[in-house]
Each structure stands twice: as C-alpha cells, then as structure tokens.
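Chain residues, written in single-letter form:
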Amino acid sequence: MKPAEAYAALIDDMKQTALLGSIGSVIGWDEHTYMPPRGADLRARQTALLAGMIHERLTAPRIEEWLGACEGSELVADPTCDAAVNVRETRRSYDRARKLPAALVREMASLAVLAQQAWAEARKAARFADFLPWLRKTVDLKKQEAACYGHDGNPYDALLESYEPGARAEQLKAVF
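A brief structural summary. (Residues numbered from 1 in each chain as written. Predicted model: local features only at pLDDT ≥ 70, side-chain atom pairs only at ≥ 80, totals over all residues. Heavy atoms only, no water.)

As for helix H2 (residues 40-58)
Then, in step 1: Between its first and last C-alpha, H2 extends 26 Å over 19 residues, near the 27 Å set by a 1.5 Å rise per residue.
Then, in step 2: Buried within H2 are the following residues: Ala40, Arg43, Ala44, Thr47, Ala48, Leu50, Ala51, Gly52, Ile54 and His55. (Helix = DSSP H or I, 4+ residues; strand = E, 2+ residues; numbered from the N terminus. Expected span 1.5 Å × (residues − 1). Buried < 20%, exposed > 50% of the residue type's maximum accessible area, 1.4 Å probe, protein only.)

Concerning the packing of aromatic side chains
Then, in step 1: Using the criterion set out here, one finds three aromatic pairs in the structure.
Then, in step 2: Both rings, one in tryptophan 29 and one in tyrosine 34, keep their centres 5.5 Å apart while their planes meet at 65°; by these two values the pair is edge-to-face. No difference in accessibility class separates tryptophan 29 from tyrosine 34, as the two residues are exposed.
Then, in step 3: An angle of 35° between the planes, with centres 5.6 Å apart, marks the rings of tryptophan 119 and phenylalanine 128 as tilted.
Then, in step 4: Overall, the relative accessible area of 30% leaves tryptophan 119 in the partly exposed class.
Then, in step 5: On the basis of relative accessible area, phenylalanine 128 is assigned to the partly exposed category, the value being 45%.
Then, in step 6: Pairwise contacts between aromatic rings join Trp119, Phe128 and Phe131 into one cluster. (Phe/Tyr/Trp six-rings, centres within 6.5 Å; stacked < 30°, edge-to-face > 60°.)

Notes on the nonpolar core
Then, in step 1: Judged by nonpolar contacts, the single largest core of 14 residues is most densely connected at Leu10, Ile63, Leu67 and Val87.
Then, in step 2: Within the residue set of this core, elements represented by two or more residues are helix H1 (3-33), helix H3 (61-70) and helix H4 (82-97).
Then, in step 3: Top contributing element to this core by residue count: H3, with five residues.
Then, in step 4: Setting aside its immediate chain neighbours within four residues, isoleucine 63 contacts Leu10, Asp13, Met14, Arg57, Leu58, Thr90 and Tyr94.
Then, in step 5: Membership of the second largest hydrophobic core comes to 12 residues, among which are Leu111, Leu141, Ala146 and Ala158. (Core = buried A, V, L, I, M, F, W, Y, C linked by side-chain atoms within 4.5 Å. Contact = heavy atoms within 4.5 Å.)

Regarding the pattern of salt bridges
Then, in step 1: In total, this model carries 10 salt bridges according to the counting rule given.
Then, in step 2: For aspartate 30, the salt bridge identified is with arginine 43, shortest N-O distance 2.9 Å. Of this pair, aspartate 30 sits in helix H1 while arginine 43 sits in helix H2, and the two are 13 residues apart along the sequence.
Then, in step 3: On the basis of relative accessibility, which here comes to 21%, the residue aspartate 30 falls in the partly exposed class.
Then, in step 4: A residue is classified by how much of its surface remains accessible, and arginine 43, at 11% relative accessible area, is buried.
Then, in step 5: Of the charged contacts, one joins lysine 137 and glutamate 107 as a salt bridge, the two residues approaching to 3.1 Å between their closest N and O atoms. (Salt bridge = Lys/Arg side-chain N within 4 Å of Asp/Glu carboxyl O.)

Things to note about a nonpolar patch on the surface
Then, in step 1: Together, Leu132, Leu135 and Val139 give the surface a local cluster of nonpolar side chains, amounting to about 210 Å² of exposed area.
Then, in step 2: With respect to the helices, strands and loops of the structure, leucine 135 is situated in helix H6 (residues 132-149). (Patch = residues over 30% accessible without salt bridge, like charges linked within 9 Å, V, L, I, M, F, W, Y side chains within 5 Å. Areas by Shrake-Rupley, 256 points an atom, 1.4 Å probe, with all protein chains shown as cover.)

Some points on the packing of H1 against H2
Then, in step 1: Across the interface, H1 lies against H2 with an axial gap of 10 Å and an inter-helix angle of 165°. By the criterion of interaxial angle, the relationship of H1 to H2 is roughly antiparallel. Here the hand of the crossing between H1 and H2 comes out left-handed. Judged by residue contacts, Asp13, Met14, Gln16, Thr17, Leu20, Gly21, Ile23, Gly24, Ile27, Asp30 and Glu31 of H1 engage Arg43, Gln46, Thr47, Leu50, Ile54, Arg57 and Leu58 from H2. (Axes fitted to C-alpha atoms, helices over the stretch in contact; angles between N-to-C directions. Parallel < 35°, antiparallel > 145°, perpendicular 65-115°, else oblique. Left-handed = near helix turned anticlockwise from the far one by under 90°.)

Written out as structure tokens, the structure is:
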C-alpha cells in the first residue's frame, strides 16, 4: 500500500474510533447527570463494551500496517507537518494500547462506573468507609495497568505517561 493511501485509511479509522470515544463521553455525561439510580449495572456493561470496542480498533493489526507504510516515507519527512505528527502520535497510542489486555480495559471501564456510583452514595450518606472496597479495587487495577506498561521505579510514571508524555512523579514533587 502506498503511504498516501495508508495515511488516508489511518486517518479515516482514527476518526471512526474518535466517534466511538465521543459516544463514551456522552454516556459518561449522562451517567453523572440523568442516569437513574439503579442504572449503574447496565451503564457499567455499556461502558465496558464500548471501551473494549475502542481498544480493539486501536490495537488492530491494520493500524500497524498503515503506520508501517507511512513511517519513513516522504509523507512524514518533515517532522512538524500534520501527517508526521498524526503518525507519530498514533504510533505512540498504538504501542501503549497494545500493552493492555482487552479484559483489563473492559474491567477498568466497568469498575469506573460502579465505583463512581458507590462514591456518590457514600458521600451522600457520609459513610466513606462504604467506598473503601471500590477504592482498593480501583488502585489494584491501576497497579495492573502500570505493570502492563512497565516503568522504572514509580508505577505512577507509567500512568502519568498517558497525560504528560515524558513526565515523572518526582517532577510533581517540586510543584506540590
């Protein structure tokens, strides 16, 4: 496949994946604003399914093929051009996503919904100990996620990379 064709396919696929992500944002907003109190179980399953679908798209072998066709081509010769930036960032996202098992992605998505609902109930009743099991499970899954990514020392660094590439927890100490 020619680089221009691969790039066009890559961008089209990423746009479709972004649309799925925007659906996730809408149902997340609905969860926090209009979801009926007993809707958490269904919403957790919906969120997990959607997260799994997005993860599957982000890690599909076709992404590797399209990236391979683009990388090193004239299309990305200027590292500051749109195509080069898109290919570089898609590569970074693809490589990170492939480190996570789909089952973990789905479990984290589901837990986030259920834990949020548990937190809201615990806060309303001022019984924060009720939230503790949910917090422990969330921390456990985050530790699993960090282990999947790998890290040199602080597991938080592996998670921070998703938000601030290259940042390290020790740098945050200087800020706080």
